[in-house]
Structure formats: C-alpha cells, structure tokens
Amino acid sequence: MGPSDGRPVTAHVRGPSLRDETETASVMMTAHEITRASASVPVGLLQELRGILSAAAVVDEPQRLVVYECDGFVVEKNMPDVVVFPESTEEVAAVVRACNRHNVPFLPRGAGTSLAGGCLPVGGGIMIALTRMKAIHEINLRDRYAVVDPGLVNVHLTQKLKGSGYHYAPDPSSQGACTLGGNFATNSGGPHTLKYGVTVNHVLGAEVVLANGDVVMLGGPTEDIPGYDLTGLFVGSEGTLGICTRLWVRLTRDPAAYRTMLAVFETVDDATVAISEIIGAGIVPAALEMMDQGIIEAVEAAFHFGFPLDAGAVLLMEVDGLELEVDAEATRMESICTACGAREVRRANSPEERLKLWKCRKQAFGAIGRLSPSYCTQDGVVPRTKLPQILQHIQDVSRRYDVRIVNVFHAGDGNIHPILLFDERDPDQVERVLAASDEILSRCIDLGGSVTGEHGIGVEKINFMSRLFSPDDLAVMGLIHDCYNPEGRLSPGKMLPVLAGCGNEHMPRRVPGRKAAL
Amino acid sequence: MSANSPTQAASPSTATPLGATIPYERFLDCVHCGLCTASCPTYLETGDENNSPRGRIYLMRAVTDGRLELTDTVRGHLDLCLDCRSCESACPSGVQYGRLIEPFRVETQIRDRREGRTEPDSWFQQWILYGMFPYAGRLRMSLAPARWAQQLGLDRLAEKMGLVRLLPAKLQRMHRLLPPLKPRGAAIPHLLPAKGERRARVGLFTGCVADAMFHHLHWATARVLQANGCDVITPRDQVCCGAIHYHSGAGDPALALATANSRIFGAEDLDAVIVNVAGCGSMLKDYGHVAEEVAPGSQETAELLGHFAGRVRDVSEFLAELGPLAPPTPVPLKATYHDACHLCHAQQIRQQPRQLLSLVKGLELVPLHESEICCGAAGSYNLTQGEMADRLGRRKVENIIATGAEVVIMGNVGCSLQIQAELKAAGSSIRVLHPMEILDEAYKPAEE
Ligand SMILES: Cc1cc2nc3c(=O)[nH]c(=O)nc-3n(C[C@H](O)[C@H](O)[C@H](O)COP(=O)(O)OP(=O)(O)OC[C@H]3O[C@@H](n4cnc5c(N)ncnc54)[C@H](O)[C@@H]3O)c2cc1C
Ligand code: SF4
Ligand code: SF4
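## Regarding the nonpolar core
One finds Val202, Leu225, Tyr287, Phe318 and Ile419 of chain B to be the most contacted residues of the largest nonpolar core, which totals 76 residues. Taken domain by domain, this core gets at least three of its residues from each of domain 3 (191-320) and domain 4 (327-443) of chain B. If near-sequence neighbours (up to four positions away) are discounted, valine 202 of chain B is found in contact with Leu225, Cys230, Asp231, Val232, Ile233, Leu270, Ala272, Ile274 and Phe318 of chain B. The next biggest cluster of nonpolar side chains, apart from the first, holds 62 residues, and it includes Leu46 of chain A together with Leu68, Leu70 and Ala90 of chain B.

## Some words on the site of ligand 3
All names here are of chain B. All residues in the neighbourhood of ligand 3 are listed as Cys40, Pro41, Pro53, Arg56, Cys81, Leu82, Asp83, Cys84, Arg85, Ser86, Cys87 and Tyr97. Elements with a contribution of two residues or more to the shell around ligand 3: helix 3 (53-64) and helix 5 (86-90). Classifying every residue of the shell around ligand 3 by side-chain character gives eight nonpolar, one polar and three charged.

## Here we look at the interface of chain B and chain A
Residue-level contacts link 39 residues of chain B with 43 residues of chain A. Of all residues in chain B, the largest losses of buried area upon contact with chain A belong to Val31, Tyr58 and Arg67 of chain B, amounting jointly to 17% of the total for that side. The tally of links between chain B and chain A comes to three salt bridges. Here aspartate 48 of chain B ties to arginine 64 of chain A by a salt bridge, and the two come within 2.9 Å at their closest N and O atoms. Linking chain B to chain A there are 17 residue pairs in polar contact (both at pLDDT 80 or more). For the side of chain B that touches chain A, the secondary structure elements donating two or more residues are helix 2 (41-46), helix 3 and helix 4 (72-79) of chain B. Ranked by residue count, the leading element in the side of chain B that touches chain A is helix 3 of chain B, at four residues. Here the residues of the side of chain B that touches chain A sort into 17 nonpolar, 17 polar and five charged.

## Considerations on the site of ligand 1
Near ligand 1 you find 35 residues, and of these Pro108, Gly110, Thr113, Ser174 and Thr179 of chain A are the closest. The residues that come close to ligand 1 belong to more than one chain, namely chains A and B. Here threonine 186 of chain A contributes a side-chain N or O atom positioned 3.0 Å from an oxygen atom of ligand 1. Starting from 970 Å² of accessible surface for ligand 1 in isolation, the protein chains cover 99%. Mapped onto the shell around ligand 1, the elements with two or more residues apiece are strand 3 (106-109), helix 5 (180-186) and strand 10 (242-250) of chain A. The element best represented in the shell around ligand 1 is helix 5 of chain A, accounting for five residues.

## Digging into the domain arrangement of chain A
All names here are of chain A. Looking at chain A, the domain boundaries give domain 1 (15-129), domain 2 (136-253), domain 3 (257-366) and domain 4 (372-446). A straight line from the C-alpha centre of domain 2 to that of domain 4 covers 31 Å. Taken together, the contact pairs four residues of domain 2 with four residues of domain 4. Between domain 2 and domain 4, a total of about 250 Å² is buried, with carbon and sulfur atoms accounting for 62% of that surface. If you sort the residues of domain 2 by the area they bury against domain 4, Gly190, Pro191 and Leu194 come out on top, with a joint share of 82%. Joining domain 2 to domain 4, the criterion identifies zero salt bridges. Our count for the domain 2 to domain 4 interface comes out at zero residue pairs in polar contact (both at pLDDT 80 or more). Among the residues making up the side of domain 2 that touches domain 4, the classes are represented as two nonpolar, two polar and no charged.

## What about helix 16 (residues 287-294) of chain B?
Every α-helix carries 3.6 residues per turn, so stepping three or four residues along brings you back to the same face. Among the residues of helix 16 of chain B, those classed as buried are Tyr287, Val290 and Ala291 of chain B. One side of helix 16 of chain B carries all its buried residues, which in axial view fall inside an arc of 100°.

## Considerations on the sheet that holds strand 2 (residues 82-84) of chain A
Residues and elements named next belong to chain A. Strand order in this open sheet of four strands is 1-2-4-3, and the pairing throughout is mixed. Edge positions in the open sheet fall to strand 1 (58-59) and strand 3, since each of these has one partner strand only. Contacts between helix 3 (residues 89-101) and the sheet are confined to strand 2, strand 3 and strand 4 (126-129), with strand 4 contributing the most and set at about 175° to the helix.

## Some thoughts on the pairing of strand 2 (residues 200-205) of chain B
Residue and element names in this part refer to chain B. Of all six residues in strand 2, five are buried, a share of seventy percent or more. Pairing analysis gives four bridges linking strand 2 to strand 3 (residues 230-233), with the strands arranged parallel. Bridge pairing links glycine 203 to isoleucine 233 in strand 3. With four bridges connecting them, strand 2 and strand 4 (residues 272-275) associate as parallel partners.

## Let's talk about the sheet that holds strand 9 (residues 215-219) of chain A
All names here are of chain A. Reading across the sheet, the five strands line up as 5-6-10-8-9 and stay open at both edges, with antiparallel pairing between neighbours. Since the sheet does not close on itself, it has two edges, and those belong to strand 5 (136-140) and strand 9, each with one partner. Put simply, the sheet's adjacent strands are angled 15° from each other on average, direction ignored. Docked against the sheet, helix 4 (residues 154-161) engages strand 5, strand 6 (145-148) and strand 10, running at close to 45° with respect to strand 5.

## Things to note about the side chain of arginine 85 of chain B
Residue and element names in this part refer to chain B. Within the secondary structure, arginine 85 is located in the loop between helix 4 and helix 5. A distance of 3.4 Å separates the side chain of arginine 85 from the side chain of aspartate 83, its partner in a polar contact. Other than its neighbours up to four places away in sequence, arginine 85 contacts Gly98, Glu102, Asp286 and His345.

## Some thoughts on the pairing of strand 3 of chain A
Both faces of the sheet carry side chains from a regular strand, because those side chains alternate between them. Residue and element names in this part refer to chain A. By the alternation rule, side chains of strand 3 split into Phe106 and Pro108 and Leu107 and Arg109, which are all buried. Taken together, the four bridges between strand 3 and strand 4 define a ladder with parallel strand orientation. The residue bridging proline 108 from the neighbouring strand is isoleucine 128, located in strand 4.

## Quick word on the side chain of serine 437 of chain A
Residue and element names in this part refer to chain A. With respect to the element layout, serine 437 can be found in helix 14 (residues 427-446). Assessed through its relative accessible area of 6%, serine 437 is described here as buried. When residues no more than four places from it in sequence are discounted, the contact partners of serine 437 are Cys376, Gln378 and Leu420.

## Concerning the packing of aromatic side chains
Residue and element names in this part refer to chain B. Scanning the model with the defined rule gives six aromatic pairs over all chains in all. Aromatic pair phenylalanine 205 and phenylalanine 265: ring centres 6.2 Å apart, planes at 40°, arrangement tilted. With phenylalanine 205 in strand 2 and phenylalanine 265 in helix 14 (residues 251-266), this pair connects stretches of sequence that are 60 residues apart. As far as burial versus exposure is concerned, phenylalanine 205 and phenylalanine 265 are alike and both buried.

## Things to note about the packing of helix 8 (residues 268-280) of chain A against helix 10 (residues 323-339) of chain A
Residues and elements named next belong to chain A. Packing of helix 8 against helix 10 brings their axes to within 9 Å, and their N-to-C directions diverge by 140°. Both helix 8 and helix 10 take part in a crossing whose hand is right-handed. Counted together, Ala274, Glu277 and Ile278 of helix 8 and Met333, Ile336 and Cys337 of helix 10 form the full contact between these two elements. Grouping the constituent residues of the contact of helix 8 with helix 10 by class yields five nonpolar, no polar and one charged.

## Comments concerning the environment of tyrosine 258 of chain A
All names here are of chain A. With respect to the helices and strands, the residue tyrosine 258 is situated in strand 12 (residues 257-265). Of the residues examined, tyrosine 258 reaches a relative accessible area of 35% and is grouped as partly exposed. When residues no more than four places from it in sequence are discounted, the contact partners of tyrosine 258 are Glu318, Val319, Asp320 and Arg354.

Reading guide: rules and limits
- Counting starts from 1 at the beginning of each chain's written sequence and moves along it residue by residue.
- Chains carry letters and ligands carry numbers; both start at the beginning, A for chains and 1 for ligands, and go up in the order they are written.
- Residue-level local features of this predicted model are given only where pLDDT is at least 70; pairs of side-chain atoms are given and counted only at 80 or more, and the full residue set underlies all totals for whole chains, interfaces and linings.
- Just so you know, side-chain values use all the structure's heavy atoms and leave hydrogens and water out.
- For our purposes a nonpolar core is just a set of buried Ala, Val, Leu, Ile, Met, Phe, Trp, Tyr and Cys residues, chained together by side-chain atoms within 4.5 Å.
- Residue burial is assigned from relative accessible area. The probe radius is 1.4 Å, only protein chains are included, and a residue is buried under 20% of its type maximum, exposed over 50%, and partly exposed in between.
- How far each domain reaches was decided by an automatic or database domain assignment.
- Here, two residues are considered to be in contact whenever any of their heavy atoms come within 4.5 Å of each other.
- In this text, near means that some heavy atom of the residue lies within 4 Å of the molecule or strand in question.
- Counting from the N terminus, the helices are DSSP H or I runs at least four residues long and the strands are E runs at least two residues long.
- Under the scheme applied here, ten amino acids are nonpolar (Ala, Val, Leu, Ile, Met, Phe, Trp, Tyr, Cys and Pro), four are charged (Asp, Glu, Lys and Arg), and all others, including Gly, are polar.
- Put simply, buried area is how much 1.4 Å-probe accessible surface two parts lose in total, over both of them, once they are put together.
- Criterion for a salt bridge: a side-chain nitrogen of Lys or Arg within 4 Å of a carboxyl oxygen of Asp or Glu.
- Nitrogen and oxygen atoms within 3.5 Å of one another constitute a polar contact, given that in protein one can donate a hydrogen and the other can accept it, and given that sequence-neighbouring residues count only through two side-chain atoms.
- A 1.4 Å probe and the Shrake-Rupley method give the accessible areas. Residues count as covered only by the protein chains that appear here.
- This arc corresponds to the set of directions leading from the helix axis out to the C-beta atoms.
- At least two bridges found by DSSP between two strands are what make those strands a pair.
- Here the axes come from fitting lines to C-alpha atoms, over the contacting stretch only for helices, and the angles between their N-to-C directions go from 0 to 180 degrees.
- Only centres within 6.5 Å qualify two rings of Phe, Tyr or Trp (six-membered ring in Trp) as a pair; their planes then separate them into stacked at under 30 degrees, edge-to-face at over 60, and tilted for everything else.
- Left-handed describes a crossing in which the near helix is turned anticlockwise from the far one by less than a right angle; the clockwise case is right-handed.

Here it is, written out as structure tokens:
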C-alpha cells in the first residue's frame, strides 16, 4: 500500500526496497487516515526488538507513530513502522544488527528540530530515537572537554556549565531543544559561529554505531590524533554514515567581557556595506546579525524593545574578549557603522538589555506569525561580499512573484534566511512561494555560495545537490557513503541523490509549509 | 481496511468531531519547530514526542481533522499533560497551548457524559474533587479528623501500623499529601485595616483547598499587606476558583463558581483582588476566557468575569507594583526558590517574589536547578496521575536537596503539598515555606 497518490514511496530510494509481505504484522490503513508508505515490518524483527529493549521502549501502535511522521520540516510526511528508545550504545548496535538481518531501513532521530526533513523515515522502517540517552558522563575543565550522550539537549550542557567559566560554543537558535547528536549530524552553527566556528570545530571525538552494527571510536579527547580525520567526515553527514552514541566535545572559556551594540541604518544596502567594512578591517565580531524592516516590525510588536520602525535595517553586533580589547573594537565598529551611514549606534547598557536583544534576535521568526498566517524560511549562503547582490535579487524576486519577503540572518557568515510570507490556504500563493524560493537558492549557487548554511540537505534540498556538485564530486561522496553504508539501510533517501540528476522526484513539493527557522 | 485498524477515524455518525469548538487558527499557530519539547516535564521524563507539547498539539489536531480516533492510547498522552504551560513560555510563536488542551478536555468530558461512559475515576472526581475541594467548609470539616489525628500523633501510628494502606489508593495519596496541619486559628475578619499610611484597599481571595489547609498562610498574607499599608477585605461567601473543574473538563460548574466570585468581589470597592495561591491566581485571571469558552455569546457574563479578572494580582506581583516597604527584622536562613508553574508560566511572574525576598535581611537565596520544571503537583494531577507525579516530585526534590538550602520557598500550595510529601519520603528536613510566611516574619517589629 502506498501513500495517498498511490505511488509507492520506496521506489527511488537508495537502499533495500521493502519487504517480505508474507511475514507481516497486520496493521493496515486507508490512505485518508494515517498514511503509511510501508505496510508492515516483519514479525520476527518486532519480536527481536522486544527482546533487545524493554516493552515500553518499542512503539509500534500507529496512533503513537503519527507524531513521528515529520520533524520541523512539515512538507513531506511519512510514518516510521516502529520507534525504539534505546538507552545504551549496545542497545543501539543490537537494534541496528537486527534491522540488517531483516533488511529493514532505519534512521536516528534527536529532537526532531531539523528543518530539512532529516528525520523523515523515507520508506518507513525503524526510527531510533536517542532522546533517552542524555547523560553527561564527564566534565573535564582542566583538559577542557565534556563527554556526553547524543540525546543531551544543547542548552542543558550550557546550563550544567554555568558558573564554571566554560561553555559549549555552538549555539544554534534551536539550542533550547535540539540535541548534541543532531548538532553533530547537521554540523550546526549559530550566531556565534562567526568567531567560534561550527560544530565540527568543537567535536573532538565520537563513538559511532556504523550501519552494520559495529561500534567504532572516532578521534578522542586529545588534539591532533594521527590518521584520517574521520570525526570531521562524520560531522555533518546527516546520519547517513553512522549513529553517534557518545561525543567528546570541546569546552570554551567564557569571554571576560562583552559589548553588544545595535546599529540603525536607513537602508539594507548601507548595512551590508558596513558588514563588509567591519570584516575587511580585520575585526572578528563574536556575532554580526542583520534584521530588515519587516522583521523589525514583527519583533517590536512581540518584544517591545524600542526598535525604530522606520529604519531600513539594523545590525546586531557583539564583540567579546578581554575588557581592554572590547572597548577599542566596539568603538572601531561604531565609527565604521557611522561612516557607512548609520543613523545611530546604541550599546546595550546592562546584561538584561543584552539578553533581551538576543532574545529578540533568536526568537525573531516566532514573531513572524504576527505578519502572516504562513511563512517559509530559506537558508542560503553567499560569499560575504556578494550580500548586496543577493539582497537586491531577493527584492527583485519579491516584486516579480508578488510575495512579501523579510530578512534576518547571520550576516557575518553570509548565511541568509529570507522568510517568504504567504497564506497556505491559497494554492496560487503557494506556487509562487515555491518558485521564488527556488530562484533565490539558485542565485546563491550562481554567486558561488550554497543552498544551506546550517539547516542541512535532508530530503528538502536533495534536488539541489546535482546543481551544487559535479557528477564526479557526487560520485566521490557516493563512494564514501557506500563504504560506510553499503546496503543503504541507514537513513535512506537523505542528502545524496541516488543518481546524479535524479532526486526525490517521487515526493513533489506541493506545499512550502509553515516552517520555522533561523 | 482491516477490522482492527487502530487509527480508524471516528465513526461518521458522531455529529461533530472533537475539537470542533477550538478556533482552527490556534492549531495553525504551531509551526512544528519543536522548540518547546525540552521545556516539557513529561517529555523530559519519557523522551517520547507523544508526551511533548508539539506532539500533543499534533495529536489533538489529528483528532480534530478526523485523521485519528481518540483512543485510550491517544487520550493517555493527553491526560499525562500537567497543563503546566511551560511550553507556552518556551514557544516563540505564541502558541496558546492551554487554550487548546483545556477546551479539548472540556469537549472530551462532554462527549463522555453524553455517551454515558463511566470511567473508573468518576466516583473519585464526583465526590472528592468536585464534591469536596470546591467548598472550603466541607473540606475543612473533612480535614478536621486529620488535623486531630496529626496533633495526637495518631496518623504516625496509623502509618506505622499500615492502616493507611487500607485506604483506597487515591485516598492514600491524599493522606500522604496532607501537610502538617496547624491548629486552626481565628477566622479572618471581613476588614483588617492598613498599618501606617493607607496606600490601597484590596480583597483577599482565600479559595478552598488553600483555606482549609493553609489558614495560617492567609493570615500571614493579610498581615504583610497590612504592614504595606493595605486595607484587607476578606469576603466570607467567596467560593472555589473553579480551576480543578475547568482543567479536568467540567466547564459548567467552573462557570458557576467564576460568576459567584466575580459578583462577590465586585460588590466591594477594591483596588485589587489578591491571591497567594498561584493555581487559583492564574484561574482567576483567566475568567475572561472561561466566559468566552463556556458561555460564548453572553455579553453580560463576559463583562462581569472580564472586569473581575482584570483586577486579580498575585500577592508578590501586587507588592512589587505597589513598592514594598523595607522589612525590619532579619530572617537568617539559606533558602532556594521554586518557580510554581502557575506563577512563572501562566502569569509570567518570576522576578517579583525574588525581589521581595531579597529585601529580607539575613536571607541567602541560592539558585535551584530546573526551578521552572513542574514538581508534579499541577492541581489535582498528583491525585489522578500518580506515577508521573511521583517521578517529577522526586526529580524536583533531588534538585532542591542539591542546593544545600534549609528552606525551599514557593508561591503555590499545590506545590507545597507535593514537595513536602516528597521531601518527607526522601527523609529530608528541608522546610517548605511560602514567600509570605518569610515576609510575615520579616515585617514583625524589630526586636530592640
Ligand atoms: C527554530 C529553529 C531554529 C534553528 N536554528 C538553527 C541554527 O541557528 N543553526 C543550525 O545549525 N540549525 C538550526 N536549526 C536546525 C536544527 O535545529 C539543527 O539542525 C539541529 O542540529 C537538529 O538537532 P536535533 O536534535 O533536532 O536533530 P534531528 O532533527 O532529530 O535530526 C537531524 C538529523 O540528524 C540525524 N541525527 C540525529 N541524531 C543523530 C545521531 N545521534 N547520530 C547520527 N545522526 C543523528 C537525523 O537522522 C537527522 O538527519 C533550527 C531549527 C529550528 C526549528
Ligand atoms: S508549540 Fe510553539 S514551540 Fe512548540 S512546536 Fe509549536 S510552534 Fe514550536
Ligand atoms: S502544559 Fe506542561 S506538560 Fe502539558 S505539554 Fe505543556 S509543558 Fe508539557
């Protein structure tokens, strides 16, 4: 039985196509109810899973699987056949081996905040939820690392380190919910990525269950381990090479001092010139974020910070370091902004004001609900110097497709997040939003950038891979994929298109969805 | 379709699907980002998306859409929700989770009654929850033997002899939750006049559960208000806030209680109605919505309840607004503060109690890990969802003990009952106090 359009979802998927229909548990549904791409799992596998894990840790009732049919990306949906909640590496490995014996696909899931459908169980199968593996095993301040489970929520590590003088640097806007395993798989970044780098710069080592069930250790707590940098290879592999079951992460010393500033510009152009000038002057701000007029309006309505509503754009800037340095740098940034036409530059005068500014920025997208019933956040990257061009292009696109687009993004990295506003109940608007998104992302590629800064490829952007990479590039990635995941049972249908040029056409984009991001 | 299809949509004969009274935009407000998940106590404990806010919204929406039937399994996930609103604090999209789950529960309750479903719980709900809690007098009477027994030490004896175990499980839980009851003092008179310069005239809400079990707390609250220059009016005939009814889906009795309170306090000329129990406070502030949901279209009810709701203040919120006077007497204690859900999530009151406590000389306030995670009390939750309540209670108490504090302060008696019982079970001697009890001590005239 296939999804509602009658086409079997498994057809184009890299990996095994399902499955011995004769040996099945009897759970079937009609299409208008809960759609399931695969009708069943072998009874034998279910029994084995129940032997490996406690009864409560194996969920196969369809009513309880519904919530697992999508993550933060809601355009495409498919239920897994079973969700399991292992509590140890051994249990994960045993589940993986059982899936292999029965030729059933499987994939890991953290908090399900992926915005690219990373947790979509393409072709059904077994979903391995790592949310019960969330211990902090060790905090070693002298050697500056922590050993943690993959299901640990990013912010819980930060909370645990409060007062120690150290922190875990990668701070995605979703840090209150996303897991370190998910960060590992998607190589997450955040506002402070500009100075401190992305997840791969902060993972020293990882224990990984490979697709065949073998458990291997990559890297380790010490720096500069000889041999291939497999940690680097696995970080950002979106769960297609192995399941991370433990991480050794770097701890970073808290900066002695901060200065947080808000520069107000008449136009977006002036603000982007200021960004280039600041970076060009050799300053490395801890964060450099831009919000345009549309976002300012929404954020002001939500948080009443006192943003000027007539400004074309604001830059949220932060420098950190030693008390002596930060003032000098802040002053330099202020004068650069003024020289680029800033109307005013304010400093946050208290820790509370700083926190409130960051809250406005990190929760900006939530406030968008105040501007329109639906919205779609895009995630693209361009070289920083091309920011004025891509922003000009976004304005053009907005005009041509008659779609309102507002912008808030990590300006320092050239990571843009145009947010397209629409009403999902109007099919014509939906079409225009899809076409507009496509055009913006294509332009990012033309400008020498990429179609994802931090949200990953997942299933959402798999079609772009063959436009981003040459067939040869993709073939090399394919070799690596096949080396670790030769049968393709682990996370099928993710990140790499099956053949160059042949994406997941079986899942046409009908709705851009109401996505949240930044 | 096979006969045992578990997700079979509700049979077409059911006239309106569940959730039909909920404006659909409230579901659409949820963009499925998942940022709320890690703030949810039941998700923290189970790691199951079905027990997360995003998951529950998804389930309710699927039921409303007719995609999913409200089976016992689905219902179990919804019932496990504490209605603590931690998810509302976490949600950047402004999802009004309480205004989804509460009307959904009301509808479920109505459907059950219509279909004549008897649940094993109903005697308990009928007699203990709806029958006893709402009427302070009745609870007071029913607690009288408990109070005597405690004073005579008989409860200890009964506990030792295992007699408590003969009670039905739910009554056992109630027994365990009973606080050490103080001898009942004099009734609070209708008017307690301000001390010093008169700065405000306020009404004191004493509710039901709180009145019977925490009589002394109301006295403490009244004295603190007097010390801050307030005339305190305590209407005799006020009734239960109706929270227990409303949150367990009994809309009509809730509306009746809300109307009564609004009339009774409305008859006095007051600057504010003061509450010292967070659970009651958030319910009182929500009367406007209750009117909207239970009696849609009645302009008169909406105005009466809305006007009352607009004047309700938590005592710490009120004092912080008024500008508290400096308390003269030191209270040398190492203390920590637990954020009651109904203060921090439902009313967004976090700083005010801490600010008041920081005025007290000698009081050292140390931070509590996970201070905003529900302790498992959640109104009547500790009576109806025992297992999860215990897990959350233990989690809370572990965090409290780790602070090394001598007392733990909180602004909700439901939490106090739960945390006291868990501390006792853990063999801890940490005392549980309300901010007003500390302030009451601090406002006593300084000794020469
Ligand atoms: C509001 C919002 C804001 C966001 N902001 C940012 C941001 O600023 N920066 C950013 O980088 N991202 C951001 N994201 C995207 C997302 O939060 C990140 O990609 C995050 O790392 C995902 O973590 P998770 O635990 O939710 O993983 P999931 O969504 O559960 O999984 C993501 C992918 O990782 C795989 N995976 C999960 N756990 C493991 C594991 N243990 N081993 C191997 N593979 C695994 C899954 O199979 C899936 O492919 C945002 C998302 C939202 C909703
Ligand atoms: S309730 Fe709010 S935080 Fe939770 S998933 Fe929905 S929009 Fe996100
Ligand atoms: S109200 Fe509390 S228990 Fe219920 S979903 Fe929200 S956070 Fe979870």
